Amino acid sequence: VYSLVPLQVFSLIGMVVAAVSGGFFILLVVRRLWVGPEAEGIFTLFALLFFFTGICLFGLGILGEYVGRIFIEVRGRPRFLIREVWRKDEKSTHAHP
């Protein structure tokens, strides 16, 4: 059984990583303005690296979800199958197969 859930999890992880690292970057900028320069900007580089890694993960998840949906569509299977049709008979008020 094929599922899109793992691909959606990749997108979600990418969004979370990008959001957390973006917040960390903003915190570092505010800290630099408040305290002054320190540690030669290595943490800022890490924040940017994690942000772009999160964006890449998000893009990979979106691309994978497109491919997964195309795969499901190409298989041509219906979303559901009708097992039985019930019709109302003119003579009785009860529905039967």
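Residues numbered from 1 in each chain as written. Predicted model: local features only at pLDDT ≥ 70, side-chain atom pairs only at ≥ 80, totals over all residues. Heavy atoms only, no water.

Observations concerning the layout of surface pockets
Right, so step 1: Empty space within the largest pocket amounts to approximately 260 Å³.
Right, so step 2: Considering the residues around the largest pocket, the lining is formed by Arg 69, Ile 72, Glu 73, Arg 75, Gly 76, Arg 77, Pro 78 and Arg 79.
Right, so step 3: The residue inventory of the lining of the largest pocket, partitioned by class, reads two nonpolar, one polar and five charged.
Right, so step 4: Listing elements by their share of the lining of the second largest pocket, those giving two or more residues are α1 (5–35) and α2 (42–75).
Right, so step 5: The biggest single contributor to the lining of the second largest pocket is α1, with four residues.
Right, so step 6: For the lining of the second largest pocket, the per-class residue count stands at six nonpolar, three polar and three charged. (1 Å grid on protein atoms, 1.4 Å probe; cavity = no way out; pocket = protein on both sides within 12 Å on 5 of 7 lines; lining within 4 Å. Points joined across faces, edges and corners; volume = space filled by probe spheres on them. Nonpolar A, V, L, I, M, F, W, Y, C, P; charged D, E, K, R; others polar. Helix = DSSP H or I, 4+ residues; strand = E, 2+ residues; numbered from the N terminus.)

A closer look at the confidence of the model for the protein chain
Right, so step 1: This prediction gives the protein chain a mean pLDDT of 81; 88% of its residues lie at or above 70.
Right, so step 2: When mean pLDDT is taken per element in the protein chain, α1 scores highest with 86 and strand β2 (residues 95–96) scores lowest with 55. (pLDDT = per-residue confidence, 0-100.)

A closer look at the packing of aromatic side chains
For any pair of aromatic rings, geometry is given as the distance between the ring centres together with the angle between the planes.
Right, so step 1: Applying the stated criterion to the full structure yields two aromatic pairs.
Right, so step 2: Pairing Phe 46 with Phe 50 gives two aromatic rings, centres 6.5 Å apart and planes at 25 degrees, and the pair type is stacked. In this pair, Phe 46 and Phe 50 are both assigned in helix α2, four residues apart and thus about one turn of the helix distant.
Right, so step 3: On the basis of relative accessibility, which here comes to 46%, the residue Phe 50 falls in the partly exposed class.
Right, so step 4: Arranged with centres 5.6 Å apart and planes meeting at 65 degrees, the rings of Phe 51 and Phe 52 form a pair that is edge-to-face. (Phe/Tyr/Trp six-rings, centres within 6.5 Å; stacked < 30°, edge-to-face > 60°. Buried < 20%, exposed > 50% of the residue type's maximum accessible area, 1.4 Å probe, protein only.)

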